[in-house]
Amino acid sequence: MKPKTKLFLILWLAGLSGVLSFLLVDINALLANLPLPAEVEVPFFTPVMKALSMIQPTIIMSLAVLIGVVLAGKVGLHAPAAEAIAGMNKNGEKFWPALKPQIVPGVLGGIFAGIAIVLLSLWARSFFSAETTTRISELGKLLPLATRFLYGGILEEILLRWGVMTLLVWLIWGAAWRVFQKGQEKTNAKPKAVYFIGAIFISAFIFGIGHLPIALMIVPEPTVAFVLFVIIANSVFGIIAGFLYWKKGLESAIIAHILTHVTMFSASYLGAYF
């Protein structure tokens, strides 16, 4: 099996764990807590329906994994630990040496992001109604830690960093090359830092916007403060994760995402978060 095929399978299986972790969520309880109009008939999700609902996210995840496998190396982005398992490292680096340099930055980035989001929530919730705060809190109780870690920590990083951010760097770099360096040899060239920074901020904003649909289901008549909180809080993390992916590797961003959830969960347990 070719190394890139191995890398695809490794990241695909990691992403699949995130997709399947949503099966741990009690969707019927989740729907029952949504403020739906009385005339709306809420369907009962059977195990078969839950299984079928996994098809679309699996397809999207597969596409994101493929994009990263094809393009990441071309723009200088990596998943060092996964690549080590796949045997892609030229110097023969093994899993632990590839992962070790990513751990501390990931842990620190995750704790910093979690604290930033908690502090932002303490400020923002003064603009929320008691009903909005209660709804957000109830949603948090319905999301198991395993789902937060696997779906949020692994799947979302594969989608937004490995897939979207990688594609953005490649597209921005390609567009800039055609405009400013037309006719010059592109072989062995690497994107400039500004292209990575642009992709980081764009993908972080997409990450923030991407959380609005579920947020608007919870709060169908949101205030400006609520919308801004959802976008800004998630974008803050997206920026940190993007820089970790760029400078350290995909696994560092995954570690940061998991630690962010640990920090927010701990703050919630102490009454400092929703």
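Residues numbered from 1 in each chain as written. Predicted model: local features only at pLDDT ≥ 70, side-chain atom pairs only at ≥ 80, totals over all residues. Heavy atoms only, no water.

## Comments concerning helix H6 (residues 95-124)
In a regular helix each residue adds 1.5 Å, so 30 residues correspond to 44 Å; H6 covers 42 Å between its end C-alpha atoms and thus fits that length. Looking only at H6, the buried set comprises Ala98, Leu99, Gln102, Gly106, Gly109, Gly110, Ala113, Gly114, Ile117, Val118, Ser121 and Ala124. For H6, the elements touching its buried residues are helix H5 (80-86), helix H11 (224-247) and helix H12 (250-269). (Helix = DSSP H or I, 4+ residues; strand = E, 2+ residues; numbered from the N terminus. Expected span 1.5 Å × (residues − 1). Buried < 20%, exposed > 50% of the residue type's maximum accessible area, 1.4 Å probe, protein only. Contact = heavy atoms within 4.5 Å.)

## Section: the side chain of glutamate 251
Within the secondary structure layout, glutamate 251 lies in helix H12. Within the local environment of glutamate 251, its side chain forms a polar contact with the backbone nitrogen of alanine 81, the two atoms lying 3.2 Å apart. For glutamate 251, the residues in contact, after removing those within four places along its chain, are Ala79, Pro80, Ala81, Ala82, Leu99 and Gln102. (Polar contact = N/O pair within 3.5 Å; in protein donor to acceptor, adjacent residues only side chain to side chain.)

## So, the pattern of salt bridges
Counted by the stated rule, this structure contains 3 salt bridges. The residue lysine 141 makes a salt bridge to glutamate 138 at a minimum N-O spacing of 3.5 Å. You can see lysine 141 and its partner glutamate 138 sitting in helix H7 (residues 130-141), 3 residues apart, about one turn around the helix. On the basis of relative accessibility, which here comes to 61%, the residue lysine 141 falls in the exposed class. Linking arginine 161 and glutamate 157 is a salt bridge whose minimum nitrogen-to-oxygen distance equals 2.7 Å. A residue pair is termed a helical-turn pair when its members lie 3 or 4 positions apart in one helix, as arginine 161 and glutamate 157 do in helix H8 (residues 145-180) at 4 residues. Arginine 161 sits in the buried class, given a relative accessible area of 0%. Given the relative accessible area of 0%, glutamate 157 is considered buried. (Salt bridge = Lys/Arg side-chain N within 4 Å of Asp/Glu carboxyl O.)

## Section: a nonpolar patch on the surface
Together, Val48, Leu52, Ile55 and Ile59 give the surface a local cluster of nonpolar side chains, amounting to about 410 Å² of exposed area. Among the elements of the structure, helix H3 (47-52) and helix H4 (55-75) are those that each provide at least two residues to the nonpolar patch. Mapping valine 48 onto the fold places it in helix H3. (Patch = residues over 30% accessible without salt bridge, like charges linked within 9 Å, V, L, I, M, F, W, Y side chains within 5 Å. Areas by Shrake-Rupley, 256 points an atom, 1.4 Å probe, with all protein chains shown as cover.)

## Thoughts on H11
The terminal C-alpha atoms of H11, which comprises 24 residues, lie 34 Å apart, in line with the 34 Å expected from a rise of 1.5 Å per residue. Following H11 by one or two positions, glycine 249 adopts a phi angle in the positive range, close to 140 degrees.

## Re the environment of methionine 61
Within the secondary structure, methionine 61 is located in helix H4. With a relative accessible area of 0%, methionine 61 lands in the buried category. Taking the C-alpha atoms as reference points, methionine 61 and tryptophan 96, separated by 35 residues in sequence, lie 26 Å from one another. Beyond its immediate chain neighbours, meaning those up to four positions away, methionine 61 contacts Trp12, Gly15, Leu16, Leu155 and Leu159.

## A short note on the packing of helix H9 (residues 193-210) against H11
One way to put it is that H9 packs onto H11 with a least axis distance of 7 Å and a crossing angle of 145 degrees. In this structure, H9 crosses over H11, and the sense of that crossing is right-handed. Seen from H9, the contacting residues are Ala193, Phe196, Ile197, Ile200, Phe201, Ala204, Phe205, Phe207, Gly208 and Ile209; seen from H11, they are Val230, Ile231, Asn234, Ser235, Phe237, Gly238, Ile239, Gly242, Phe243 and Trp246. Tallied by class, residues from the contact of H9 with H11 come to 15 nonpolar, 5 polar and no charged. (Axes fitted to C-alpha atoms, helices over the stretch in contact; angles between N-to-C directions. Left-handed = near helix turned anticlockwise from the far one by under 90°. Nonpolar A, V, L, I, M, F, W, Y, C, P; charged D, E, K, R; others polar.)

## Re the nonpolar core
In terms of nonpolar packing, the biggest core is built from 67 residues, with Leu77, Trp162, Phe229, Tyr245 and Tyr273 touching the most fellow members. Discounting residues that sit within four places of it in the chain, leucine 77 has contacts with Ala72, Glu83, Thr166, Val169, Phe196, Tyr245 and Trp246. (Core = buried A, V, L, I, M, F, W, Y, C linked by side-chain atoms within 4.5 Å.)

## Quick look at the packing of aromatic side chains
Under the defined criterion, the tally for this structure stands at 11 aromatic pairs. Aromatic side chains phenylalanine 128 and phenylalanine 274 sit 6.2 Å apart centroid to centroid with 20 degrees between the ring planes, which places their arrangement in the stacked category. Note that phenylalanine 128 is positioned in the loop between H6 and H7 and phenylalanine 274 in the segment after H12, a separation of 146 residues in sequence. Side by side, phenylalanine 128 and phenylalanine 274 carry an identical accessibility label, which is buried. (Phe/Tyr/Trp six-rings, centres within 6.5 Å; stacked < 30°, edge-to-face > 60°.)

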